[in-house]
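What follows is each chain in one-letter form.
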Amino acid sequence: MKILVTGGAGYIGSHTCVELLNNGFEVVVYDNLSNSKEEALTRVKKITGKDLIFVKGDVLDVKALDKLFNEHKFDCVINFAGLKAVGESVKKPLEYYHNNITGAINLLEVMKKYECYNFIFSSSATVYGDPEVVPVDENSKIGGTTNPYGTTKLFIEQILKDLHYAEPKFNIAILRYFNPIGAHPTGLIGEDPNGIPNNLAPYITQVMIGKREKLTIFGNDYETPDGTCIRDYIHVCDLAYGHVCALRKLLENPGLVIYNLGTGTGSSVFDVLHAFEKAYGKEIPYVIGNRRAGDIAVNFTKVDKALNEINFKAKYDINDMARDQWNWQAKNQNGYEN
Ligand code: NAD
Ligand code: UDP
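1. Concerning the pairing of strand 5 (residues 118-124)
- Of all the 7 residues making up strand 5, 7 are buried; the element is thus mostly covered by neighbouring parts of the structure.
- Here strand 5 shows two buried faces, one formed by Asn118, Ile120, Ser122 and Ser124 and the other by Phe119, Phe121 and Ser123.
- Pairing between strand 4 (residues 76-79) and strand 5: 3 bridges, direction parallel. Within strand 5, the position partnered with asparagine 79 by the bridge is phenylalanine 121.
- Sheet topology places strand 5 next to strand 6 (residues 171-177); 7 bridges connect them, and they run parallel.

2. What to know about the nonpolar core
- Ranked by internal contacts, the top residues of the largest apolar core, which has 42 residues, are Leu20, Ile120 and Leu261.
- Element by element, the count of residues in this core is highest for helix 8 (residues 236-250), at 7 residues.
- In contact with leucine 20, not counting residues within four places along its chain, are Ile3, Val5, Phe25, Val27, Ile78, Val244 and Leu247.
- Of all hydrophobic cores here, the second largest spans 26 residues; its members include Tyr30, Leu68, Leu108 and Leu163.

3. Focus on the site of ligand 2
- In the vicinity of ligand 2 there are 14 residues, among which Thr216, Phe218, Arg231, Arg292 and Asp295 approach most closely.
- A distance of 2.9 Å is found between an oxygen atom of ligand 2 and a side-chain nitrogen or oxygen belonging to asparagine 179.
- Here an oxygen atom of ligand 2 sits 2.9 Å away from a polar atom, N or O, in the main chain of phenylalanine 218.
- For ligand 2, the protein covers 86% of the area, taking 520 Å² as the surface of the free molecule.
- At 4 residues, the largest contribution of residues to the shell around ligand 2 is made by strand 8 (residues 215-218).

4. Considering helix 1 (residues 11-22)
- An ideal rise of 1.5 Å per residue puts 16 Å on 12 residues; helix 1 measures up with 17 Å between its terminal C-alpha atoms.
- Burial analysis of helix 1 places 11 of its 12 residues in the buried class, the great majority of the element.
- Just past helix 1, the residue glycine 24 takes up positive phi, approximately 85°.

5. Concerning the packing of aromatic side chains
- Counted according to the given criterion, the structure contains 8 aromatic pairs.
- Where phenylalanine 69 meets phenylalanine 74, the ring centres are 5.0 Å apart and the plane angle is 75°; that geometry is what we call edge-to-face.
- Assessed through its relative accessible area of 3%, phenylalanine 69 is described here as buried.
- In this structure an aromatic cluster arises from ring pairing among Phe69, Phe74 and Tyr114.
- Its guanidinium or amino end placed over the ring of tyrosine 259, lysine 305 lies 5.0 Å from that ring's centre, counting from NZ or CZ.

Quick notes on the rules
Counting of residues starts from 1 at the beginning of each chain's written sequence and follows it residue by residue. Written order determines the labels here, with chains lettered from A and ligands numbered from 1. At least 70 in pLDDT is required for a residue's local features to be given in this predicted model, at least 80 for side-chain atom pairs to be given and counted, and no such filter applies to totals for whole chains, interfaces and linings, which use all residues. Only heavy atoms go into the side-chain values, all of them from the structure, while hydrogens and water stay out. Each residue is assigned to one of three classes by its accessible area relative to the maximum for its type, calculated with a 1.4 Å probe on protein chains only: buried under 20%, partly exposed between the two thresholds, exposed over 50%. A run of DSSP states H or I qualifies as a helix once it reaches four residues; a run of E qualifies as a strand once it reaches two. Both are numbered from the N-terminal end. Paired strands are those between which DSSP finds at least two bridges. Residues belong to a common nonpolar core when they are buried Ala, Val, Leu, Ile, Met, Phe, Trp, Tyr or Cys residues joined through side-chain atoms within 4.5 Å. Here, two residues are considered to be in contact whenever any of their heavy atoms come within 4.5 Å of each other. Only heavy atoms are used to decide nearness, and a residue is near a molecule or strand if one of them lies within 4 Å of it. Polar contacts here mean pairs of N or O atoms no more than 3.5 Å apart (in protein, one a potential hydrogen donor and the other a potential acceptor; neighbouring residues in sequence count only if both atoms are side-chain atoms). Method for areas: the Shrake-Rupley scheme with a 1.4 Å probe, in which residue coverage is limited to the protein chains shown. Any helix carries an expected span of 1.5 Å times its number of residues minus one. Centre distance within 6.5 Å is the pairing criterion for rings of Phe, Tyr and Trp, where only the six-membered ring of Trp is used; planes under 30 degrees apart are then read as stacked, over 60 as edge-to-face, and the remainder as tilted. Only lysine NZ and arginine CZ atoms are considered, and such an atom sits over a ring when it is within 6 Å of the ring centre and within 35 degrees of the ring normal.

So, to be careful, I would describe these as geometric facts and stop short of saying anything about function.
Encoded structure:
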């Protein structure tokens, strides 16, 4: 079975390629490398001992997509291609709406033309906005996103629901990721952010290697036990395997399905920091700063639906995530540019 993985050279995409190859799927990666390096794919091959096809290209390029589908018969498309920096999306909304939404529409159109009807979409916990009740589940209210990035996810979800209504032949899995962190246990692939990391875990590991002086914790006056925000961190390898579970489900023709992918456990910023300190064997310097605009106090998920319907259960905990992300960072101080 041949799977098209758009954005497959990126953080979650590269880990998903490992899981797909290890589970016997053929993989074609299509990525414009705007936020990734081809080296990640060389390392995917090294980890798995298996080959994959890489095509450099943009999901905005309709002609190139047509050529790709003309050359390969895909059984499913997993769409990771997208821009994901929350702050940047506030400054460049048109770029975000165009890249993420037009990119997804282009893919769906070419899939229709070439009669490929299985689609997996990378959505996000951000679609729940600031939830009234936690843990959330797949039926919790969505909306109230606080930035254009989050709104692209919300809009694409709606487009997929409308498409499925009009064209029930499509099988669509909307996967709402909670907070992926960690790296492959080999330390060969991991997250390689450009510039100053926006996210907590890569920021912490850059402090650990001395690239940044200290972590700023964005607020310790939230209504949580230690005053810092709570999230549902999930090991990227667990998340990657979740795509294999969703793919197997799509092969049963389920129509449109939605799954939250998390661990079901909420961890505070201090919990994450302490897990990294455990992996490091030393304290990590931090200061308490102001709250970050748009942050919500608490979000984590119920895991029953993913467990019952696709047999997905995360196996790694926060200490495993910290250990593996530190291992990756220590071995690749400049990411893939070593
Ligand atoms: P990433 O930036 O590492 O990967 C995205 C990949 O898409 C990159 O390799 C990039 O080069 C590629 N890409 C971007 N625009 C493209 C285009 N127009 N054409 C072709 N390729 C393009 O990000 P990631 O963390 O691996 O995230 C993957 C997906 O999961 C994204 O859609 C993201 O929004 C979503 N997601 C990520 C998180 C997270 O915390 N990392 C959480 C929820 C959802
Ligand atoms: N955070 C922080 N300092 C940082 C980066 C993040 O205190 O340098 C906090 C942030 O306020 C949030 C949590 O860490 O409570 C996770 O943030 P991240 O950006 O990784 O993910 P988000 O949940 O916002 O998608």
